[in-house]
Amino acid sequence: MKIGERNNIFGNQLSVFPFGSLSDFHEGRTVVPIKREIHTFLSREIEKWKPDRIIVVERKGTAILRTLNEWEEDPLDWPWSKVISSNVVEELPNDYFKGKQILVFDEMMRTGIHIRDLLKKLPALGVEVSNANNVHVAVFAVHEPVSSTVSFKYDSFYNYLTPTAYKRKRIEIVDMLQQSGSLMLDTEHMEVRVQLRCSFNEFLKALRRRAKAIVFHSADDRTNVTVFYENDAAHQSEQGKFPKGIRLDNVVKKCRFVERASNEFAVIPIWYPSIPKGLTNWPSEEEMTALLGDGALKNDCGRFYGAALLAALDVLKWVLKDLAVIGCDNYSISLPRDTNEANAVGGYSLDHLQVMYPTLDIKKLTQYISKIEKDSRSVGVRLGRSSFEVTESRFVTDEELQRDAISLLQLIRHVLDQRIERYHEYWRRSLEHHPFGLTAAEIFELGARLNLEDVQISALFDILIDEAFLVTHVQTINDDDGVCRMARTFEPDGEIVSEMIRKYTDQWGLPYGF
Amino acid sequence: MVSESSYRQSLPMLQDGRLGVQLERTFRLLAFLLHGWSTFTGRRKPLYNITKKDRKGNVEPLPVIHFEKLALFTSRIWKNIYDMTKGDIPIVNDPTYLPDIQTAEAVRFPIPFQEFQAKHGRRIKRITGYIVEILYSLQKAQIIYYFNIKPPARDTDNPNNYETTVSPGFPITNPKDYLSTDFSGLEVEILTDLDNCVKRLGPSQIRALGTHENRDKTIEDIHKEFLDMDRYIQPILVKLYINEGFFDDSYEMMTYADEAWRKSTYNRQDYEEACEIMLTEMKSAKVNEAFKSCQRTSAEIWEDETITALAEPSKRVKALTGYLHAVSYYRDHISERSSEKFTTAKYFAHLWDDSVAAIKKCGLLGFPSDIHDVFVGKTEKIKSGVCDRLCFELESLNLWIKENTKHAQRELCLSQDASGP
C-alpha cells in the first residue's frame, strides 16, 4: 500500500467514511476539477483587476500558482517575475509596489489573519492599502465567519463554506498539488532533474554511498527518496562560507528525490542552517552577495533563506558526486535553463524561485548549478573506479511510515499544546505569537523516543509536508547555547489539522511509551 | 492505484468515531474505583483535614486534587496495558465497533484524556477541558450522575477549587454485575485489582502516585514550580522598597515553594508507602507489570543528583516564603501581632513559628524570630535591616532560578525577543 493509498492513516481500527457519490451529492460537490475552478477564478481576477503584481499568501499559494503555470492543458500565462510571496515582501526594493496594481491571492481563508497581517505590512512598503483601487484580495474558498478578523474586502469563488465543505475543498487542493508532483515542497528550493538509465537499485546504492536513504511512495504512486546526511566530516559546508554562530548541525540537511516522470526524478537539495538574529557582514564574498542580491541582506528572514540557498548548493555537490559514481552512461542530468537566453526553449527553469527570493540572480544560480554538476561528475567518475560500501538503512514500508508519520504529528501537536497551556498558565493570557512551532532538533528528539532512525524521521517530515499536515516557518528561537537564532520550525498546518490531531489523540492516546 | 490524499479519508473517521463510548466507560470505571475507595472501612492513612464527620454515612469524599490524581494514575496504568494488548484486537472497519468482550483479552480503549502540566502539577484533560470540569458540567446538565462533585460553599460553581470534594454518585451494590456489561475480561481483572489496592491508600498516597511517575518528570515539575514563583519576586521587591503590602504575591509564591518542596522531598514517603501497598495487594500480573513500568521506584526518582540538588533550595525557599508571607500578613494586621483571637490569626501564628524554625534550620541568618522585631514599632514599616535581608535573599533566589531553569525558560519563550509580554 502506498502513502497516497492508505485508507486510514489515523488508525487501522477506524473505518473509511463513504466519500462516495451520495455524500458528494449532499454536499454539493461539483464535477468540475478543482484545478479548473481555481484557474477560472484566478484568470477572472487577473482580467478584472489587471494587476502588475500578485502577492501569494505563504507556501500553498505559490504551489498553486506553479501548478496552474505548469498545467499542460491550459497553462496560466503569468510570469514569475510578477509574483511575490507574502513571506518576503519586506525584502523588496522600496519602489517595488509603488504605483502598482496589486492582487493578493490566497487559496483558502478561515480567520483571515494571514491576509490581515500582510495588509498591515504593505503601507510600510509604500502601498496605500486604504485606496481600494490598487490592492485587491482574491480568495478561492472562504469559511463561514468564525471571528471578526476579516475586516477587508475580497473576491471569492466559494464563500460561506461550512466547516465540512471547507475541509473538503482543502483536501481537494492538497490532492491537486500532490498529483502535480508534491509542489508544496519545491516552491522555495532549487532543483535539478535526473533521468535514470540504470536500475532503481543501482541508483539507490549510489545515494547510500555516504548517507542513509529511505524510499516511499506518494500520491499517483510517485517514488520518493529521502537522503539524510549525518553531521560527519564528509558533509560539512565549504570552509569560510558561513561565519561563526551560524548553526549547521541539528538542522534539516537532506536531499529529496521526487519522481516527475518515468525514471525521471527532481533532485531537491535542502539545508536550513539556523542563523543568529541580527547577523551582519554576511555573506562576505562578493560573489555570493551578487547571487543573492540585496533582499537576502535586508532582514533576518532574507538572510535565513539566503543561507539556506547557499547551504543547499553544498548538498547538491554531495548528491551529484554520489550519483556520478554509477557512471555517466547510467544517468543523465538535465539542468535548469536560463530563460533570459534568446534560444532557451523547453526544459524547466528556476524562475519560480523569484517568489521566495525576489533579488536572486537566477542566471547566476543556473551557472553555479551547471558548474557544480560538472565538477561533481568528474570527482564522482574518479571515485566510481574504486568499490564502495553502502550505508545500510532499515527497510521501511509505506504503511510503517504512514503510521509513524501520524505518531510524530501527534507528538508535535501535543508538545506544542503543552507549551501553549504552560504559556497561558504562566503569563495568564493566550499565546498570540505566530509562528509557534518545534525545531527540527526537537522533532528529531521526539522521533528518537519513537525508536525511529534519523533518516526515517527525515522522511516523515517530507510525508507530512506533502500531505499538508505540517507547515514550515522561520521563527526566532532561543537556542540551547543561549544564542537567539532564526530557525526552521514546524507545526501542524492550521486549526483544521490541529483539531483533527487533538481529537485523534484524545480518542486513541499518544503513541506507545508516551 | 489511488491518488487521493489520506487526509480525505482520515477526517471523517474522527468526526464520527466512538469517543462517547470511551468517555462514558472511563467515567464508569473511575466511578467504580472511587466507590470502592469511598466505602472502604478498613485502615488506611487519613488525610489531615478530612475527619469522620465529613463522611456521609459510610461514604468518604475525596478532595478534588486527589480525585484527579487517582484519575491520572489510573489512566497511566490503563494506557500502558492498552499499549501492551491492543495488538490482540481484531481490526474492523466500523467506527462504533468495540471488540467483543468474550474474545478480547485486551484493554480495548485508552482513557480519552491527556496529561498536561497545570498550576501545581499534572492533570488530565481533553479538548473540552479538565476531567473534573467535564464531569461537573455533565452533573449540572443532569446528564451523568456517576459522581457527586461539590464545590465549597464560598465558591459554589468552581469545581477546580481545591476544597471541592468528589464522592460516588450512586451505590454499587454488586461490583461483579456493575462490570459484567461492556468491560472485557482483562478490563474487569484490572479494575478489580486496582480497586483492591487503591482503596487501601490514603489520599496523600494517591496524590503522590498521581504526581510522580519518574525522575525526569519530577525534575521538570520542580523546575516549573521555581519558575512560576520567580515571577512574583520582582513585584515583591518593588513593594518592599516602596513599603506597600504584598500579601497576594507572597501567598502565591509560598504555594509554589510548598509544591517545590513537596515534589523534591516530602512526597517521597507517601510515594514509597503507596508503592509498597500497591505491590503487596496486587494480584494481576498485567497490572503488576504495568505498575512497575509506569511508576519508577522511589529510589529511582529521588536518589538522583539533580533532585538532591533541588531539595536543599526547595527547603530554603519554603522557609523563606513562609516567613515572607507571615510578615506580609502582620504588616497588614498590626493588632494581630500580639493576639491570636481569630482562626486566621492562629493560622499565621503557626506559620510564623514554623517558618522561623525552618529558617534557622536552613542556616538563614539575620531574620528576627520575634514578629515585633520585624517592624518599626506598631507601624506597617518593615525595619530596613530586615527589608535588606529579605531583598537579598529574594534577589539571590531570582538569580538561582534564572541559572537553573534555562530549559524551562526556553520553552516559555522567556528571553526570546519575539515573545513574552
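Residues numbered from 1 in each chain as written. Chains lettered and ligands numbered in written order. Predicted model: local features only at pLDDT ≥ 70, side-chain atom pairs only at ≥ 80, totals over all residues.

Student: Just checking my understanding: could you explain the overall build of chain B for this structure?
Tutor: Across its full length, chain B carries 16 helices and six strands. For chain B, the share of sequence-separated contacts (at least 6 apart) that also reach a separation of at least 24 residues comes to 73%. (Helix = DSSP H or I, 4+ residues; strand = E, 2+ residues; numbered from the N terminus. Contact = placed C-beta atoms within 7 Å.)

Student: Mind showing me how you'd approach the overall build of chain A here?
Tutor: Scanning chain A from N- to C-terminus turns up 14 helices and 15 strands. In chain A, which comprises 514 residues, the share counted as buried stands at 48%. The contacts in chain A between residues at least 6 apart in sequence include a share of 75% that link residues at least 24 apart. (Buried ≥ 20, exposed ≤ 12 C-beta atoms within 10 Å, placed from the backbone.)

Student: Before we go on, may I ask you to explain the sheet that holds strand β2 (residues 114-118) of chain B in this structure?
Tutor: Within a sheet, each strand pairs with its neighbour through backbone hydrogen bonds, oriented either parallel or antiparallel. Taken in spatial order, the three strands line up as β2-β3-β4 (chain B) in an open sheet, and their pairing is antiparallel. The open sheet has two edge strands, β2 and β4 (129-130) of chain B, and neither has a second partner. (Pairing = 2+ DSSP bridges.)

Student: Please clarify how the domain arrangement of chain B should be interpreted in this entry.
Tutor: By convention, interface size is frequently given as the accessible area that disappears when the constituent parts associate. All names here are of chain B. Each assigned domain of chain B is listed here: domain 1 (11-211) and domain 2 (215-266 + 310-411). Taken together, the four residues of domain 1 in the interface contact four residues of domain 2. Partitioned by chemical class, the residues of the side of domain 1 that touches domain 2 number no nonpolar, four polar and no charged. (Domains from an automatic or database assignment. Nonpolar A, V, L, I, M, F, W, Y, C, P; charged D, E, K, R; others polar.)

Student: Please explain the nonpolar core as it appears in this structure.
Tutor: Residues and elements named next belong to chain A. Residues Val 104, Ala 312 and Val 315 are the most contacted members of the largest nonpolar core, which totals 135 residues. Top element by residues in this core is helix α9 (residues 300-324). It accounts for 16 residues. Not counting the four nearest positions on each side in its chain, Val 104 is found in contact with Ile 55, Val 57, Ile 115, Leu 118, Val 135, Val 137 and Ala 138. (Core = buried A, V, L, I, M, F, W, Y, C linked by C-beta atoms within 7 Å.)

Student: Which parts of the structure should I look at to understand unusual backbone geometry?
Tutor: Glycine aside, negative phi is the norm for most residues, and most peptide bonds take the trans geometry. All names here are of chain A. Its identity as a non-glycine residue notwithstanding, Asn 263 has a phi of 60°, on the positive side. Looking at the secondary structure, you find Asn 263 in the loop between β9 (253-261) and β10 (264-271). A tally of 15 C-beta atoms within 10 Å means that Asn 263 is categorised as partly exposed.

Student: In this structure, what is going on with the domain arrangement of chain A? I would like to understand it.
Tutor: All names here are of chain A. Split into domains, chain A comes out as domain 1 (32-179), domain 2 (185-384) and domain 3 (398-508). Placing a centre on the C-alpha atoms of domain 2 and another on those of domain 3 gives a separation of 25 Å. Breaking the side of domain 2 that touches domain 3 down by element, the ones donating at least two residues are β7 (212-218), β8 (222-228), β9, β11 (275-276) and α9. No other element matches β7, which puts six residues into the side of domain 2 that touches domain 3. Taken together, the residues of the side of domain 2 that touches domain 3 sort by class into 12 nonpolar, seven polar and six charged.

Student: I tried to follow the packing of helix α7 (residues 203-211) of chain B against helix α10 (residues 247-281) of chain B on my own but got confused; where do I start?
Tutor: Helix packing geometry: the angle between the two helix axes and the distance between the axes. Residues and elements named next belong to chain B. In the contact formed by α7 and α10, the axes pass within 8 Å of each other and the chain directions differ by 110°. Comparing the axis directions of α7 and α10 gives the class roughly perpendicular. For the crossing formed where α7 meets α10, the hand is left-handed. Contact with α7, carried on its side by Ser 204, Gln 205, Ala 208, Leu 209 and Thr 211, involves Lys 263, Asn 267, Asp 270, Tyr 271, Glu 273 and Ala 274 of α10 and no other residues of that element. Here the contact of α7 with α10 is composed, by residue class, of four nonpolar, four polar and three charged. (Axes fitted to C-alpha atoms, helices over the stretch in contact; angles between N-to-C directions. Parallel < 35°, antiparallel > 145°, perpendicular 65-115°, else oblique. Left-handed = near helix turned anticlockwise from the far one by under 90°.)

Student: Is there a simple way to explain the pairing of strand β5 (residues 147-150) of chain B in this structure?
Tutor: Residue and element names in this part refer to chain B. Residues Phe 147 and Ile 149 of β5 are buried on one face, while the alternating residues Asn 148 and Lys 150, pointing to the opposite face, are not. Where β5 and strand β6 (residues 165-168) come together, four bridges link them in antiparallel fashion. Considered in β6, the bridge of Lys 150 is made with Thr 165.

Student: How should the confidence of the model for chain B be read in this particular structure?
Tutor: Residues and elements named next belong to chain B. For chain B, mean pLDDT is 87; residues scoring 70 or higher make up 87% of the total. Contacts from residues 91-95, a stretch scored under 50 in pLDDT, to residues over four places away or in other chains number 13 contacts. A low-confidence stretch, residues 415-421 stays under pLDDT 50, and its non-local contacts, those more than four residues away or across chains, total 15 contacts. Both confidence scores are given for the complex: pTM 0.85, ipTM 0.80. (pLDDT = per-residue confidence, 0-100.)

Student: Sorry, what's going on with the pairing of strand β4 (residues 135-143) of chain A here?
Tutor: The side chains of a regular strand alternate, residue by residue, between the two faces of the sheet. All names here are of chain A. Extensive coverage of β4 is indicated by the burial of nine of its nine residues. Where strand β3 (residues 102-109) lies against β4, seven bridges are found, and the strand directions are parallel. By the bridge assignment, Val 104 is partnered in β4 with Val 137. Direction of pairing for β4 relative to strand β5 (residues 155-161): parallel, over a ladder of four bridges.

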